[in-house]
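Coordinate analysis (summary)
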Amino acid sequence: MRIGILGATGAVGEQMLKVMEERGIDCELRLFASQRSLGRTASYMGRDVELRVISDEGLRGLDYLLGAAEADVSRALLPQIQESGAVYIDNSSAFRLDPDVPLVIPQINGGDTLNHKGVVANPNCSTIITYMALAPIHRLSPLRTLVASTYQAVSGAGKAGLQELETQVDALRTGAAFTPAVFPKQIAYNCIAQIGGFDPEGYTSEEMKMQNEGRKILHAPDLKVTCTCVRVPVFRSHSISATFTTEGHISVEEAENAISASEGVVLMKDDVASPLDTSDQDLVYVSRVRRDLTSDNGLTLWCCGDQIRKGAATNAVEIMEYLMKH
Ligand SMILES: NC(=O)c1ccc[n+]([C@@H]2O[C@H](COP(=O)([O-])OP(=O)(O)OC[C@H]3O[C@@H](n4cnc5c(N)ncnc54)[C@H](OP(=O)(O)O)[C@@H]3O)[C@@H](O)[C@H]2O)c1
């Protein structure tokens, strides 16, 4: 088996290496990044693997390429990747809504993976965490509407986002000057209700993913979603408040039982899940399932999950494992 990782030096790429190693995926591994990383190595299963830039030769013979680069890089490299015959499992937003590209959370719509034409897309990180929590309820009665507010960690913006929070915290402690670069405002001791650019209706690109990607994953084209995405000064793990209605009535107990029985999700009934509880692991934690006081067939809940792992790297590795198995 020959596996490549594109963007292997980034927040998601490094985590892919870790997840693959944990799962004992023994393979010939090829690591790709930008020119900046040439000369560096990364360790995999006790071996040093050198970083290289993508080339026809580097891609030759690869079975799978896991993508962890930005959308523009992914788009630019796609023809070369497709030429190589490797199945490309991409974490960027480049191809998620392409009708020829399955958008997959294996625990929800793993079967869609098999319809791929060379590319499978990994959904947005908040979208994965939210629908991991909601899919068990959707299976009881279809979701109709969702109002979601996200509390997104700085590492969602990659290594540079992590560094910006650290730098600002240090600068505020020492009195040094700083200028926000990754985020539109100071993120230390603040929260910013803008992730991505605004559309003419005032929604951000990140917010619309919750509806557009959710519809595709759940096969629910009529699902209506209003979402507000907020960046918070948390290093890792996104949290989401989700209030939703279903076609039929679902009691709190039925919802909790469905969540408890679902693979990859944990009902944290006697505690309130927080990012620190859910960092550096693969499960999505759900707390505070309760009746929605504004509707008859509505519930509301709180969920948290590590967006670099289940929201990105782990989900991509699981897609690859699904393909290997089937
Ligand atoms: N962070 C998250 O929580 C998260 C969650 C879900 C999805 N995603 C998506 O996953 C992707 C990676 O995000 P990230 O957070 O890991 O970003 P990141 O930390 O900024 O890492 C970006 C990676 O892309 C590489 N790269 C940059 N330009 C390249 C080029 N021209 N050719 C090849 N490689 C290039 C970088 O290599 P160098 O080190 O050499 O520059 C680095 O390895 C993005 O599309 C992001 O939207 C991220």
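The structure presented is a predicted model; accordingly, all values stated were derived computationally and were not measured.

The buried count for strand β2 (residues 28-32) comes to four of five residues, which makes it a mostly enclosed element. Relative to β2, strand β1 (residues 2-6) is paired through five bridges, and the arrangement is parallel. Within β2, the position partnered with Ile-3 by the bridge is Leu-29. For the segment spanning β1, helix α1 (residues 11-22) and β2, crossover handedness is right-handed. Of the pairings in the sheet, the one linking β2 to strand β4 (residues 47-52) comprises two bridges and is parallel in character. By the bridge assignment for β4, Phe-32 is matched with Arg-52.

In sheet architecture, strand pairing relies on hydrogen bonds along the backbone and comes in two forms, parallel and antiparallel. In space, the seven strands of this open sheet follow the order β3-β4-β2-β1-β5-β6-β7, with mixed pairing throughout. Each having just a single partner strand, β3 (41-44) and β7 (119-121) make up the two edges of the open sheet. Between one strand axis and the next, the sheet turns through 25° on average, direction left out of account. Examined bridge by bridge, strand β6 (residues 87-90) and β7 share three bridges and lie parallel to one another. Counterpart to Tyr-88 in the pairing with β7 is Val-119. Seen against the sheet, helix α3 (residues 71-84) touches β1, β5 (64-67), β6 and β7 and runs at an angle of roughly 160° to β6. Against the sheet, helix α10 (residues 309-325) contacts β1, β5, β6 and β7, and its axis sits at roughly 160° relative to β5.

So, on to the site of the ligand. In the neighbourhood of the ligand, 26 residues make up the surrounding shell, with Thr-9, Val-12, Ser-34, Ser-37 and Ala-69 lying closest. Between the ligand and Thr-9, the relevant distance is 2.5 Å, taken from an oxygen atom to a side-chain nitrogen or oxygen of the residue. Protein chains bury 81% of the 900 Å² of accessible surface belonging to the ligand in isolation. Those elements giving two or more residues to the shell around the ligand turn out to be α1, α6 (158-174) and α10. Looking at the shell around the ligand residue by residue, the class counts come to 11 nonpolar, 12 polar and three charged.

What counts, and at which threshold
Residues numbered from 1 in each chain as written. Predicted model: local features only at pLDDT ≥ 70, side-chain atom pairs only at ≥ 80, totals over all residues. Heavy atoms only, no water. Buried < 20%, exposed > 50% of the residue type's maximum accessible area, 1.4 Å probe, protein only. Helix = DSSP H or I, 4+ residues; strand = E, 2+ residues; numbered from the N terminus. Pairing = 2+ DSSP bridges. Right-handed = clockwise from strand over helix to strand, strands pointing away. Axes fitted to C-alpha atoms, helices over the stretch in contact; angles between N-to-C directions. Contact = heavy atoms within 4.5 Å. Near = heavy atom within 4 Å. Polar contact = N/O pair within 3.5 Å; in protein donor to acceptor, adjacent residues only side chain to side chain. Areas by Shrake-Rupley, 256 points an atom, 1.4 Å probe, with all protein chains shown as cover. Nonpolar A, V, L, I, M, F, W, Y, C, P; charged D, E, K, R; others polar.

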